[in-house]
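# Observations on the three-dimensional arrangement
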Amino acid sequence: MRITQRVRKMLDWYESDNPGTKANLARILMEGKLGGSGKVVILPVDQGFEHGPARSYAPNPPAYDPHYHFQLAIDAGLNAFAAPLGMIEAGAASYAGAIPTILKVNSSNSLAASKDQAVTGSVSDALRLGCAAIGFTIYPGSECAFDQMEEIRELAEEAKSVGLAVVVWSYPRGPNLDRAGETAIDICAYAAHMAALLGAHIIKVKPPTAHLSLEAAKRVYEAQKIDISTLAKRVEHIMQCSFSGKRIVVFSGGEAKDLEGLYDEVRGLRDGGANGSIIGRNTFQRPKEEALAMLAKIIEIYQGKA
Amino acid sequence: MRITQRVRKMLDWYESDNPGTKANLARILMEGKLGGSGKVVILPVDQGFEHGPARSYAPNPPAYDPHYHFQLAIDAGLNAFAAPLGMIEAGAASYAGAIPTILKVNSSNSLAASKDQAVTGSVSDALRLGCAAIGFTIYPGSECAFDQMEEIRELAEEAKSVGLAVVVWSYPRGPNLDRAGETAIDICAYAAHMAALLGAHIIKVKPPTAHLSLEAAKRVYEAQKIDISTLAKRVEHIMQCSFSGKRIVVFSGGEAKDLEGLYDEVRGLRDGGANGSIIGRNTFQRPKEEALAMLAKIIEIYQGKA
Amino acid sequence: MRITQRVRKMLDWYESDNPGTKANLARILMEGKLGGSGKVVILPVDQGFEHGPARSYAPNPPAYDPHYHFQLAIDAGLNAFAAPLGMIEAGAASYAGAIPTILKVNSSNSLAASKDQAVTGSVSDALRLGCAAIGFTIYPGSECAFDQMEEIRELAEEAKSVGLAVVVWSYPRGPNLDRAGETAIDICAYAAHMAALLGAHIIKVKPPTAHLSLEAAKRVYEAQKIDISTLAKRVEHIMQCSFSGKRIVVFSGGEAKDLEGLYDEVRGLRDGGANGSIIGRNTFQRPKEEALAMLAKIIEIYQGKA
Amino acid sequence: MRITQRVRKMLDWYESDNPGTKANLARILMEGKLGGSGKVVILPVDQGFEHGPARSYAPNPPAYDPHYHFQLAIDAGLNAFAAPLGMIEAGAASYAGAIPTILKVNSSNSLAASKDQAVTGSVSDALRLGCAAIGFTIYPGSECAFDQMEEIRELAEEAKSVGLAVVVWSYPRGPNLDRAGETAIDICAYAAHMAALLGAHIIKVKPPTAHLSLEAAKRVYEAQKIDISTLAKRVEHIMQCSFSGKRIVVFSGGEAKDLEGLYDEVRGLRDGGANGSIIGRNTFQRPKEEALAMLAKIIEIYQGKA
Amino acid sequence: MRITQRVRKMLDWYESDNPGTKANLARILMEGKLGGSGKVVILPVDQGFEHGPARSYAPNPPAYDPHYHFQLAIDAGLNAFAAPLGMIEAGAASYAGAIPTILKVNSSNSLAASKDQAVTGSVSDALRLGCAAIGFTIYPGSECAFDQMEEIRELAEEAKSVGLAVVVWSYPRGPNLDRAGETAIDICAYAAHMAALLGAHIIKVKPPTAHLSLEAAKRVYEAQKIDISTLAKRVEHIMQCSFSGKRIVVFSGGEAKDLEGLYDEVRGLRDGGANGSIIGRNTFQRPKEEALAMLAKIIEIYQGKA
């Protein structure tokens, strides 16, 4: 596998990782249409766990089949495909080597009696299934946040020791945060920073709003005149909070919007220096041709062509 | 052991499993009168744990003896026999090799002060007793659901690593579900999907009603015009939610009804593409001859002969 | 050691156990005056833990000395002696090989702030002390019942793997049971059945009353006309609920009563097919000569001579 | 090391222990001025953890230095020195072999938000520091009592397996005990008995009062006319409750009192057959010369000379 | 590496530690401008975790980059740099051997729903990253204090066994302490003492005020006329409470104040015999030149030159 200069430089950020982990990061970064550019688009399919199968796949029934998603990620030229255990197991052999996979090792669901996640996969599972990374969600601010941090600490240590990469979904919520607070710029920046401090290689956060949630933070943002007026500026700030841009940060699709709204948002992410997008529902809930067209467009945006 | 083309194809669904696990799935699928057809009828006897011995066996006293159930499953030409530790221990040597057994490794009971299950068996137990699979119940939606998911994650990883198959009983309940919700079609489909994502090889759910429980799901079922008007259609939907039919799904006996009602239900399951039935009380609470006649009829239905 | 036909047949019930465990069961069954008859009388001395030393031993001060109990069990020709760690440690070497011992590995006490038991011994302890079995109490119906079941599951698996036998004290209690319910026939039968399903070799329950506690069970007992009119009939039912009599079931001394009342109760146990008695307080709280006379009489009852 | 007949006989009480543990018990029993007599005086210094440094050491500032306590115990001719991890670490090499040490492996403190103890040392720590025993506090009757019993069970099993002795501080407290109940004779006797059943080699309890706390116990003490009128009689009863005097039982200093009061108490302990005293605050809070004089006097009392 | 007589003497305090741990303590004590003097200044950067990135780094944006802190500590001639996992990983290879690092293995954050810390690093992490020590925060007095003590016990045992040093941040808080109590002299002294008893090599506490918090302690401080009138006297007392000055104790920066106030405080620490300072925010929130000047001044104070 050829490694571009850009990617080689990014791998240098992870100076404490072993060659195995660097190789897996390289596999993700060199895959697909954006391969080598330092930008990534990843397909995550944990929607069925989180919201149930019909709400996830009924709009586009071929998506009930796990193979559909592997093939979609490949056909669209994406960098990686992330999913829970059962879905990866269902296609890992058919698509062995065809696209880097990320085993999502914890999951929540809409029936849950509490706001937590269950650990549903392991590092051993990731290894036997040929995955490049494990993925893990933390809810900073929630009652289970410390437990989750201790879980990912343990899983990350094990993953790194066997040459896997670690992707952390950092989604703040909990008693100290209202709905607006969950995507406030100070909170998203904090979420990204904690994921970096926890040792994540790739960080996933939501696109931040211009809202400021914590009073103590608000005072600093205003005193230091941190520019959070545009999405690009806010993303820039988040990249800075991720070790001065030396961690890979990708953004989820954000609130429901039309295609143009989505493209505009991706342009904002790109202009702020984001490493890319991780888009689920917006892709697999459309007919495949439409999804491919949309992903092609997003990739062009990251390539600076659109 | 001869493996039919149909079964060989089903084994291919489990593309990430080792030959040991595939062999045990094959043993279950090739056993008994339905052997090789892709259909299965399984005898589960955890009723004594759940409801107590007299409520389970007094209507047919020979059933107090564990050997009775092994013999019944064999005489009826079923695919497998599932029971808790003590019951399997009581007959495993006498019936070694005579019929595939599934060790039910967690159990609840009617005296319990909380709605959970105790882990009462292990993968090591299953191995020393010559079982083909472990069985585990989850209660999605309950306060203990995340714990149960983490328990089955661990047990399933261990089971798969030593060549056992994994059967998950997925029975939703809990604070967000009323009685009708527990068998609502959206909830049963969700339960089957989660079991699949957790890595189950064989999934057991209850026959679904036409009720829709979650508001957010209801909107989708209506918008997407998902046909849930007949049991066959609902079962078809559940099979689709189980990786487009690429996981084995079996259904419990459902609410108490007369024999004709039961046969009609089985016809609905069959017509919807279910892989089979797992029927406890209805079998061992009748005199043996009646039970054998009933099971023969059910098997004929799955064979398309009745 | 000679093994009678009767005992050999009983060992066959435990068809999944290794020769080590069968040998230890045989040691208990072949010991003492009842040796070889299939009947057993066991001396349990966990009273000091449960109620304190003075309440246990002050009526007969020699009993403060652990050696007293070893010697009493031997002199009376009993089958085994059961006690907590410290008491077994205090005599295990002096009486090595002289009588089978059962290490009681959990214990409660009268000062406890909650209705649970602490695990106070291990399988390793049992091995180093030359015990034939471990003993463990479960409280089905209590808040800690699932935890206790998971503890005994783990301990029993380990015990069986090293050739020890497993004795389960099954004492229902908890929020769904009133005082009368704790010894109701449906509850005692259920308690025995659960112990059997948990993999116990020897089950200890309390002598059941004719009371029926669970409404759902009551309906079945009445509909099926289960005869619970005499102690013998009730014991017969409990034996049936213990795998059709293929598990060893012993009964505690029951409520305080005079000697004739005790003998009558034992006759009822015998006539119902019980495997024997496990009698603590009634023995060691009397002067030794009286205790020996009483035990001799009980043994004669089980021999059918009294 | 010479072993007296008296000590040899005491070692025989511990008939299930390995030679390593017996050797460590012998080291404690043969050390110091009381060496060989079967009596012991032990210096415990966990006061700093329990009440803070100034409250413990300000009255005698040299005691802030851990070496002070090692030296004091040696100079006074005591049998052993007990302290938490950091204090033992601070002197273990300087005083290697000079006096048997007991690593106190759990500790509480006056700032604590709950009435429990933290495990602060391990068996491995005790081994690497050359200790003769581990020490552990249980609070029978407290909400954490079962957990503590399970902790000491595990630690004691490990300690015994590597030849260490086990000392249990048994201090009843909790919702069922008022202040007077904590030192009531029935409760102290029960506390000693439970420590013995848990497998302790050396038991520490508080000097008992003539109060009776549990109603059920009171009835027995009165019915059996147990003499609890003098401290000597009460201690005699506690020794009886400790396996008929076949476990080493030592007593703490009891309530604050003047020197004569203390000496009188020690005479009562001696006359009741106690194995000795374990005295902290009373020793290290005095100038060293005074402490040495006091300890010399106490030793003389145990020698029957004062 | 040359070891001064002063440092050699300090290493002797840690008489129970293995040569590996002593070597790592020596590395810290011999590093930088204060190397060999027995005094240390350490840079801790866990502020981003505790308060979020903008509140920590926005005043001096280069500090967003982890390398900035490594370089700052080196340029200022400090003894060590302490930070959480991700930050150490981000620079450990670039600065391998350049400055001793302390892996902070637990962390809290401002979004947290409870007052605890998550374990976010391990001893294995510290080893693979070439750290000299692990750092751990305890909150004596808090609901999680016992758990934290058990965590550090386990981590410290492991760290010592592989030759790492152990630094404990001891910050009292909780239901029995009001705000003033958290820095009261009796509480700070108690906090330092508990850290020493837990086996810490280096203890971090806050500069104490003249307040006395616990009533029982107050009586002793007054009766014993402990001089707590000046910061120097209070620090002297804390050193005494840290094994008579035979443990390394460093102090945090205390309440916000101007530079002269800070220097005065450091003079008080120095005059009381403190081993040094551990100063975070005050350093990295200033432009680098200012920070270097401030640190140079602080070092001069510890050298007795200012």
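Residues numbered from 1 in each chain as written. Chains lettered and ligands numbered in written order. Predicted model: local features only at pLDDT ≥ 70, side-chain atom pairs only at ≥ 80, totals over all residues. Heavy atoms only, no water.

## Observations regarding the interface of chain D and chain C
If you look at the interface, chain D gives 39 residues, while chain C gives 47 residues. Summing both partners gives a buried area of about 3,300 Å² for chain D against chain C, and 63% of it is carried by carbon and sulfur. Per-residue buried area on chain D facing chain C is highest for Glu15(D), Phe146(D) and Tyr190(D); these three make up 21% of the total on that side. Inspection of the chain D/chain C interface yields 3 salt bridges. One salt bridge connects Arg153(D) with Asp125(C), and the closest N-O pair in it is separated by 3.7 Å. Applying the counting criterion to the chain D and chain C interface returns 17 residue pairs in polar contact (both at pLDDT 80 or more). (Contact = heavy atoms within 4.5 Å. Buried area = accessible area lost by both parts, 1.4 Å probe. Salt bridge = Lys/Arg side-chain N within 4 Å of Asp/Glu carboxyl O. Polar contact = N/O pair within 3.5 Å; in protein donor to acceptor, adjacent residues only side chain to side chain.)

## Some thoughts on the environment of Met87(A)
The topology assignment puts Met87(A) in helix 6 (residues 85–89). In this structure Met87(A) comes out as buried when scored by relative accessible area, which is 1%. Between the C-alpha atom of Met87(A) and that of Thr120(A), which follows or precedes it by 33 residues, the distance is 12 Å. The residues touching Met87(A), leaving out its near neighbours within four places in the chain, are Val45(A), Tyr57(A), Pro66(A), His69(A), Phe70(A), Phe81(A), Leu197(B) and Phe243(B). (Helix = DSSP H or I, 4+ residues; strand = E, 2+ residues; numbered from the N terminus. Buried < 20%, exposed > 50% of the residue type's maximum accessible area, 1.4 Å probe, protein only.)

## Here's the deal with the packing of aromatic side chains
Going through the model one piece at a time under the given rule, you end up with 25 aromatic pairs over all chains. With centroids separated by 6.4 Å and ring planes inclined at 55°, the aromatic side chains of Trp13(D) and Tyr14(D) adopt a geometry described as tilted. There is no split in this pair, since Trp13(D) and Tyr14(D) are both buried. In textbook terms, an aromatic cluster arises when at least three aromatic residues are bridged by ring pairs, as seen for Tyr57(A), Tyr64(A) and Phe284(A). Stacked on the ring of Tyr263(A), the Lys or Arg Lys297(A) has its end atom at 5.5 Å from the ring centre. Note that Lys206(E) overlies the ring of Tyr171(E), its terminal NZ or CZ placed 4.7 Å from the centroid. (Phe/Tyr/Trp six-rings, centres within 6.5 Å; stacked < 30°, edge-to-face > 60°. Lys NZ or Arg CZ within 6 Å of the ring centre and 35° of its normal.)

## A short note on the sheet that holds strand 7 (residues 165–170) of chain D
In any sheet, the strands associate via hydrogen bonds between backbone groups, in a parallel or an antiparallel arrangement. All names here are of chain D. If you trace the 8 strands once around the closed barrel, you get 1-2-3-6-7-8-9-10, paired in parallel fashion. Here the strands of the sheet are splayed against their neighbours by 25° on average, with no regard to which way each runs. Relative to strand 3 (residues 101–104), strand 2 (residues 80–84) runs parallel, the two being bridged by 4 bridges. Looking at the pairing, Pro84 lines up with Lys104 of strand 3. (Pairing = 2+ DSSP bridges. Axes fitted to C-alpha atoms, helices over the stretch in contact; angles between N-to-C directions.)

## Here's the deal with the relation of the copies chain D and chain C
When chain D is fitted to chain C, the residual RMSD is 0.0 Å, and the transformation amounts to a turn of 72° plus an axial shift of 0.0 Å. The relationship between the two copies is best expressed as a five-fold rotation axis. Minimal C-alpha distance to the rotation axis in chain D is attained by Asp147(D), lying at 11 Å. (Least-squares fit on C-alpha atoms with pLDDT ≥ 70 in both.)

## Quick look at the environment of Pro207(D)
All names here are of chain D. Topologically, Pro207 is positioned in the loop between strand 8 (202–205) and helix 10 (215–223). A relative accessible area of 9% means that Pro207 is categorised as buried. As for Pro207 and Gly253, which are separated by 46 residues in sequence, their C-alpha atoms are 7.6 Å apart.

## Topic: the confidence of the model for chain A
A residue-level look at chain A finds 99% of positions with pLDDT of 70 or above and a mean pLDDT of 97. Both confidence scores are given for the complex: pTM 0.96, ipTM 0.96. (pLDDT = per-residue confidence, 0-100.)

## Looking at the arrangement of the chains
There is a gap between chain A and chain D: no contact, and a shortest C-alpha distance of 20 Å. Across all C-alpha pairs, the smallest distance from chain B to chain D is 20 Å, and the two are not in contact.

## Points about the pattern of salt bridges
Residues and elements named next belong to chain B. For the structure shown, the criterion picks out 55 salt bridges over all chains. Notably, a salt bridge pairs Asp125 with Arg128, separated by 3.0 Å at the nearest N-O pair. You can see Asp125 and its partner Arg128 sitting in helix 7 (residues 123–128), 3 residues apart, about one turn around the helix. Exposure remark for Asp125: the relative accessible area of 2% places this residue in the buried category.

## A few points about the pairing of strand 1 (residues 40–44) of chain A
All names here are of chain A. Strand 1 sits mainly inside the fold: 5 of its 5 residues count as buried. Burial along strand 1 is two-sided: Val40, Ile42 and Pro44 facing one way and Val41 and Leu43 facing the other are all buried. Here strand 1 runs beside strand 10 (residues 276–278); their pairing, made up of 3 bridges, is parallel. The residue of strand 10 that forms the bridge with Ile42 is Ile278. Sheet topology note: the strand 1/strand 2 (residues 80–84) ladder contains 3 bridges and is parallel. What sits directly across from Pro44, in strand 2, is Ala82.

## Digging into the environment of Leu197(B)
Inspection of the secondary structure puts Leu197(B) in helix 9 (residues 185–197). Between the C-alpha atom of Leu197(B) and that of Val162(B), which follows or precedes it by 35 residues, the distance is 20 Å. In contact with Leu197(B), other than residues within four places in its own chain, are Gly48(A), Phe49(A), Pro84(A), Leu85(A), Gly86(A), Met87(A) and Phe243(B).

## Here's the deal with unusual backbone geometry
All names here are of chain E. Backbone geometry at Phe243 places phi at a positive 60°, although glycine is not the residue there. Within the element layout of this structure, Phe243 appears in the loop between helix 11 (231–240) and strand 9 (248–252). Judged by its relative accessible area of 1%, Phe243 is buried.

## Some words on the pairing of strand 6 (residues 133–138) of chain C
Residues and elements named next belong to chain C. Summarising burial for strand 6: 6 of the 6 residues are buried, a large majority. What you see with strand 6 is no split at all: Ala133, Gly135 and Thr137 on one side and Ile134, Phe136 and Ile138 on the other are buried throughout. Where strand 3 (residues 101–104) and strand 6 come together, 3 bridges link them in parallel fashion. Bridge pairing in strand 6 places Ile102 opposite Ala133. Alignment of strand 6 against strand 7 (residues 165–170), held across 6 bridges, turns out to be parallel.

## Observations concerning the interface of chain E and chain A
Facing the 47 residues of chain E at the interface are 39 residues of chain A. Regarding the contact of chain E and chain A, the summed buried area is about 3,300 Å², with carbon and sulfur atoms giving 63% of it. One can count 3 salt bridges joining chain E with chain A. At the junction of chain E with chain A, the criterion picks out 17 residue pairs in polar contact (both at pLDDT 80 or more). Every element with two or more residues in the side of chain E that touches chain A is listed here: helix 3 (47–51), helix 4 (53–57), helix 5 (66–75), helix 6 (85–89), strand 5 (118–119) and helix 7 (123–128) of chain E. Among the elements that take part in the side of chain E that touches chain A, helix 6 of chain E stands out by supplying 5 residues, more than any other.

## Concerning helix 14 (residues 288–302) of chain B
Think of an α-helix as turning once every 3.6 residues; residues three or four places apart then point the same way. Residue and element names in this part refer to chain B. Compared with an ideal rise of 1.5 Å per residue, which puts 15 residues at 21 Å, helix 14 spans 21 Å between its outermost C-alpha atoms and is within 8% of the ideal. What helix 14 keeps buried is the set Ala291, Leu292, Met294, Leu295, Ile298, Ile299, Ile301 and Tyr302. Packed against the buried residues of helix 14 are strand 1 (40–44), helix 5 (66–75), helix 12 (259–271), strand 10 (276–278) and helix 13 (281–284). A positive backbone phi angle near 80° is found at Gly304, which sits one or two residues after helix 14. (Expected span 1.5 Å × (residues − 1).)

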